[in-house]
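As a plain string of letters, each chain reads:
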Amino acid sequence: MLRICVLLVIAVVAPCGWLRATDVRFNDHIRPILAENCLGCHGPDGNKREGDLRLDLETEARKVIDPNNPNGSELFQRIITPDAELRMPPPASNKKLSAEQIDTLRSWIASGAEFQGHWAFEPIVKPNLPNVDGDSLTDIDRFLVAKLKARGLTFSPPIGRAQWLRRATFDLLGIPPTWEEVKEFEEDDSPLATEKVIDRLLDSPLYGQRWGRHWLDIARYADTHGGAAIGFTKFPFSYTYRDYVIRAFNDDLPYDRFIVEQLAADQIGLPPNHDSLAALGFLTVGMQFRNKHDVIDDQIDVVTRGLLGLTVACARCHDHKYDAIPTENYYALYATFAASQAPDLLPLIGVPMASEEFRRYEVELANAQAVHEDLAREQIEIMRGRLRMQVGMYLTELVKGTPEQDLSSAFLSYRTDDLRPLVTDRWREYLARLPDDDPVFGPWYQLSRLAADGFSTQAAGLVERLAKENGEPLKPQDMRRLDARTPKWNPRVLDALSATALGSMFDVADVYGKVFANAHREWLSALLSTSAEADSAASIVPDEDERHISANSSILRQLRRHLYAANTPTAIPDDVAISMLNRTAQDTVRGKRGAIENIHLSSAGSPPRAMILQEKMEPLEFTVFRRGNPLERGDPVKPHFLSVLSDGAPQTFADGKRRLGLAQAIIAPDNPLTSRVLVNWAWQRHFGMGLVRSPDDFGTRGEPPSNPQLLDFLASSFIEDGYSIKKLHRRIMRSAAYRQAALESESARAIDPENTLFWRMPRRKLDLEAMRDSMLAVSAELDTSFAGRPFDLHAQPVVPRRSIYGFVNRDIVNSLSSTFDGANPNACTAQRPDTTVPQQTLFALNSDFIQDRADQLAALSEKLGTENERIVWLFCRLYARDPGAEELLLATSFLHSEDGQQSDPSAAAPGRHGLHSRAVDSTRWSRLAHVLLAANEFVFID
């Protein structure tokens, strides 16, 4: 019964006739039911698994499924029981199978309960073309028509040439075609007219701006760090990644190379300062969390969701609930990214042109860097000196049993006498590594093992015994010798311990603290005196003179080793120490660092730099964090790829090239996800929805493909075409499916309500960038220049550059972006939301931006003669077509109506009748242009 309890859902009852047993397929019909209702408790996540039963594995599931007796299966009995305490899914889960789902499951069990591997992980096999009639059908069409015919459906009628050109131009360039381009296409009667248009659009440099913006959604691009409570911090060089992406799309950089450069451009042997190093912005332009673990999690998420369509980040705290992604795999990727960090100074892209601005920039930068480095170096050394005086404080914390703390997201403000938790952790780890017979800490280890009762007596005896083991003490004349012997146990420590009544380890910690503090004082004094001996007026002192006892003493050298050696707790690396300065010092050092960033941001001569990462050749060891807690360390992990996508045990990525190893695994020919995800993404951008409706989740919880054969045909063809995205565009846009009208059909809707079979072109609204750019384009204001720093989208007067170059602030959401469903820059966005809200209409009615474009259109139309000519010109300009007779009549009536002629009262001042007349005329044409700009025909592609 317990085994059955675990079964969170497969329900079975008497057949109701929705699907014949032979029609039921595991991936299409059964897996979605299990994913929604069962796998949370009976799936890959071992920590959440109930009853030790997995329903995603055939061998496990068959324990409770009997194909020879579907209704008598243990599973079936548990599902149909009226007893709420026994029924599955449990009533408390608020999950209940529909009658159709129950019948589907029963039919599946009756047909043999055949399992399939998850479709997304199955190898890509190029399918044979379906045998369907139609000489003009492309390969893509054949797959779609076969599905449509099986359901009694057909394609919608094709659209005309002008409408097709509008659709194609918006898809590839993000702006409407000109009227001249429409007329040229309509008059071209050659059989290659469509091909020529597609080639022209793909060859346009504006193509990269359009499709680069789509990719920036995936890359969660922004120009600020994010996470600021007040204000925001800018990236000085985020724009170089944006410019790289645009260039890559225009150059049709093969997608496999595109991936490699974005993950590991620094590890593929590029020349110094190569412009492709900017590709690493894919990993570095994400939100700059103060918690380093969250930064790495963000990198894992953008790579796995954006490139593989898998929600791997769900395995951060536990095995994935639905997919075969264990927590160990997550931390294997964590180890891949955690070995890299950004350098202090990013590399230049190319060689800057010599100029007075660049020379001033270099001088300003060098001065600011010197100020920052000098201040930081001195304050860090001051702090290290203080830590050497505070050894007793930290040893006392260890005696208290103070646990390790997760400092990855701590915001600490220190005073001189404050404990630094990181230093406590460093002392804990350091002492754990030392051998028991260490001359200085050997007595500490032995004393720490004494029982609390009678500690004082035992300690005195132990110290006395250790002193005897040292034998005769060194003579003073030997202390000054550089090669003097070292005793087994440090005499300074033993003398201090024997001179103190030791009641507990707290007293021992205090003694050690004083010994180390005195050793530090003596060393500083020795440094001062020996340094002074080099003064020009000083007398020469021999190296082994008695005045050098403190500097030469082997006994003190034993102590100093634990204060000054490179791996000791107080010898903290600069990049770590900078965060532990006293508050005033830390704020000042940060301010000097900020001054460097401001020079990068604001100097006219600041050249572009690549936001790269650098990998340590010998990185730290990494482990699983149990339940995602960095302090709960589990098994050690090596950097490697996902097990579910590996043939056998995943290969460990090489140190120094871990990210390159990951990139090569992602683009490997036997990885079925990469090309499937990309072609689905491209299809979605052309049709408004993908063959897989969940573009960033190809896992168990995602939607299965509506046409898996077409998906694999596109994926295999994409690989055969050398990963060319432009060839993929051509393949899609030549199809009859792409030429369909966006016409509704009640009969087709009744059969396929979600249009999963693509019996019509989905009607699509312009996204934010295309809408803004199109308005600037039709008003002849659009600036299509390339590259450079971002501009303010809200600047007045308007900066007419393409919207992809607008400043993206992840701290303060752009009002246009929030109104018109812009991408969320805080996370990988594979598909933007598509909403219709009142604010969109209010923007169309009241926006100064649209009104100004309308004014500009009205001014452009003034060069035309008659009223009819001006109206026709506006329609051709905005809609790429002539107005109909009724539209022409309506537009004329509007121009002469009260609404069309209403003007600004300030224009009707006495004595200015001529000006008033012109103002009224201008206003009525502006109002007409405004109406046309705000109409659905302009803001919808079809």
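Keep in mind that what you see is a predicted model, and the values were worked out from it rather than measured.

Criteria and thresholds
Residues numbered from 1 in each chain as written. Predicted model: local features only at pLDDT ≥ 70, side-chain atom pairs only at ≥ 80, totals over all residues. Heavy atoms only, no water. Helix = DSSP H or I, 4+ residues; strand = E, 2+ residues; numbered from the N terminus. Buried < 20%, exposed > 50% of the residue type's maximum accessible area, 1.4 Å probe, protein only. Contact = heavy atoms within 4.5 Å. Areas by Shrake-Rupley, 256 points an atom, 1.4 Å probe, with all protein chains shown as cover. Lys, Arg positive; Asp, Glu negative; His and termini not counted. Charge placed at Lys NZ, Arg CZ, Asp CG, Glu CD. Axes fitted to C-alpha atoms, helices over the stretch in contact; angles between N-to-C directions. Parallel < 35°, antiparallel > 145°, perpendicular 65-115°, else oblique. Left-handed = near helix turned anticlockwise from the far one by under 90°. Nonpolar A, V, L, I, M, F, W, Y, C, P; charged D, E, K, R; others polar. Polar contact = N/O pair within 3.5 Å; in protein donor to acceptor, adjacent residues only side chain to side chain. Salt bridge = Lys/Arg side-chain N within 4 Å of Asp/Glu carboxyl O. Core = buried A, V, L, I, M, F, W, Y, C linked by side-chain atoms within 4.5 Å. Phe/Tyr/Trp six-rings, centres within 6.5 Å; stacked < 30°, edge-to-face > 60°. Expected span 1.5 Å × (residues − 1). pLDDT = per-residue confidence, 0-100.

J.: Even after reading the chapter, I still don't get the overall build of the chain, so can you show me in this structure?
T.: Along the chain, the regular secondary structure elements total 42 helices and four strands. When each of the 942 residues of the chain is scored for burial, the buried share is 51%. Contacts in the chain between residues far apart in sequence, at least 24 positions, make up 72% of those at least 6 positions apart. With an accessible surface of roughly 42,600 Å², the chain has 52% of that area assigned to carbon and sulfur atoms. Taken as two groups, the 107 positive and 129 negative side-chain charges of the chain have centres that lie 2 Å from each other.

J.: What should I look at first to understand the environment of Asp406 in this one?
T.: Looking at the element boundaries, Asp406 is found in the loop between α18 (391-400) and α19 (421-433). Looking at Asp406, the relative accessible area reads 30%, which means it is partly exposed. The spatial distance from the C-alpha of Asp406 to the C-alpha of Leu422 is 8.9 Å, given a sequence separation of 16 residues. What Asp406 contacts, discounting residues up to four positions off in sequence, is His293, Pro630 and Leu631.

J.: Quick question: what am I supposed to make of the packing of helix α12 (residues 238-250) against helix α13 (residues 255-264) here?
T.: The relative placement of two packed helices comes down to the angle between their axes together with the axis-to-axis distance. Remark: α12 packs on α13, axes separated minimally by 11 Å, with the N-to-C direction vectors making an angle of 165°. For the element pair α12 / α13, the angle class is roughly antiparallel. Crossing handedness for the pair α12 and α13: right-handed. The segment α12 lies against α13, with Tyr241, Tyr244, Ala248 and Phe249 engaging Phe258, Glu261 and Gln262. Among the residues making up the contact of α12 with α13, the classes are represented as five nonpolar, one polar and one charged.

J.: Can you help me understand unusual backbone geometry in this one?
T.: Glycine aside, negative phi is the norm for most residues, and most peptide bonds take the trans geometry. Residue Pro797 is reached from Gln796 by a cis peptide bond, and omega for that bond is 0°. Relative to the elements of secondary structure, Pro797 occurs in the loop between α34 (768-778) and α35 (815-819). If you check the backbone angles, Phe758 has positive phi at about 60° while not being a glycine. You can see Phe758 is positioned in the loop between α33 (746-751) and α34. The residue Ala787 is not glycine, and still its phi comes out positive at about 65°. Along the polypeptide, Ala787 turns up in the loop between α34 and α35.

J.: Can you walk me through the side chain of Thr284 in this structure?
T.: Residue position: Thr284 is located in helix α14 (residues 281-284). Judged by its relative accessible area of 10%, Thr284 is buried. Within the local environment of Thr284, its side chain forms a polar contact with the backbone oxygen of Met611, the two atoms lying 3.0 Å apart. Residue contacts for Thr284: discarding those within four places in its chain leaves Phe235, Met611, Ile612 and Leu613.

J.: Whenever I open this one, the pattern of salt bridges confuses me. Can you help?
T.: Should the charged atoms of two oppositely charged side chains come close, the side chains can pair. One pass over the structure, following the stated rule, counts 53 salt bridges. In this structure, the salt-bridge partner of Asp773 is Arg772, at a minimum N-O distance of 3.7 Å. Ionic pairing is found between Arg802 and Asp773, a salt bridge with its closest N-O pair at 3.1 Å. Residue Arg802 is located in the loop between α34 and α35, and its partner Asp773 is located in helix α34; the two are separated by 29 residues in the primary sequence. Comparing Arg802 with Asp773, the two get one shared label, buried. Within this structure, Arg213, Asp217, Arg685, Glu769 and Arg832 form a network of salt bridges that share partners.

J.: Can you walk me through the nonpolar core in this structure?
T.: Burial of nonpolar side chains together is a common tendency in soluble globular proteins. Formed by 171 residues in total, the largest nonpolar core has its most connected members in Trp215, Tyr241, Tyr255, Leu263, Phe282, Val303 and Trp683. When residues of this core are assigned to their parent elements, the largest contribution, eight residues, is made by helix α30 (residues 673-687). Contacts of Val303, omitting those with residues within four sequence positions, involve Leu263, Phe282, Leu283, Leu308, Phe337, Leu662 and Ile666. With 46 residues, the next largest nonpolar core counts Ile380, Val440, Val463 and Ala577 among its residues.

J.: How should the environment of Leu890 be read in this particular structure?
T.: Mapped onto the elements, Leu890 comes out in helix α39 (residues 885-895). Between the alpha carbons of Leu890 and Glu397 there is a distance of 84 Å; along the sequence they are 493 residues apart.

J.: What exactly am I supposed to notice about the packing of aromatic side chains here?
T.: Two aromatic rings, taken as a pair, are described by how far apart their centres are and by the angle between their planes. In this structure the tally under the stated criterion is 40 aromatic pairs. Judged by centre distance (5.2 Å) and plane angle (40°), the ring pair of Phe143 and Phe713 falls under tilted. With Phe143 in helix α7 (residues 139-150) and Phe713 in helix α31 (residues 708-720), this pair connects stretches of sequence that are 570 residues apart. Taken as a pair, Phe143 and Phe713 share a single burial class, namely buried. Their ring planes at 90° and their centres at 6.4 Å tell us that Trp164 and Tyr738 sit as a pair that is edge-to-face.

J.: What is the right way to look at helix α17 (residues 356-389) in this model?
T.: Turn by turn, an α-helix covers 3.6 residues, leaving residues three or four places apart pointing in a common direction. Taking 1.5 Å per residue, 34 residues should reach 50 Å; α17 reaches 50 Å between its end C-alpha atoms and fits that length. Residues Phe358, Tyr361, Leu365, Ala368, His372, Ala376, Ile380, Met383, Arg384, Gly385, Leu387 and Arg388 constitute the buried set of α17. Contacts made by the buried residues of α17 are with α18, α19, α24 (505-532), α26 (554-564), α27 (574-577) and α28 (583-602).

J.: Looking at this model, I keep getting lost on helix α29 (residues 658-666). Mind explaining?
T.: Burial analysis of α29 places eight of its nine residues in the buried class, which makes it a mostly covered element. Buried within α29 we find Arg658, Arg659, Leu660, Gly661, Leu662, Ala663, Ala665 and Ile666.

J.: How do you make sense of the environment of Lys765 when you look at a structure like this?
T.: Relative to the helices and strands, Lys765 resides in the loop between α33 and α34. Once the C-alpha coordinates of Lys765 and Asp834 are considered, the two residues, 69 residues apart in sequence, prove to be 8.5 Å apart. Beyond its immediate stretch of four places on either side in the chain, Lys765 contacts Asp834, Thr835, Thr836, Gln840, Val939 and Phe940. A distance of 2.6 Å separates the side chain of Lys765 from the backbone oxygen of Thr835, its partner in a polar contact. A distance of 3.2 Å separates polar atoms of two side chains, one belonging to Lys765 and the other to Gln840.

J.: What should I look at first to understand the confidence of the model for the chain in this one?
T.: Predicted coordinates in areas of low pLDDT are best not read in detail. Overall, the prediction assigns the chain a mean pLDDT of 89, with 94% of residues at 70 or greater. The low-confidence segment residues 903-918 (pLDDT under 50) makes seven contacts with residues lying over four places distant or belonging to another chain.

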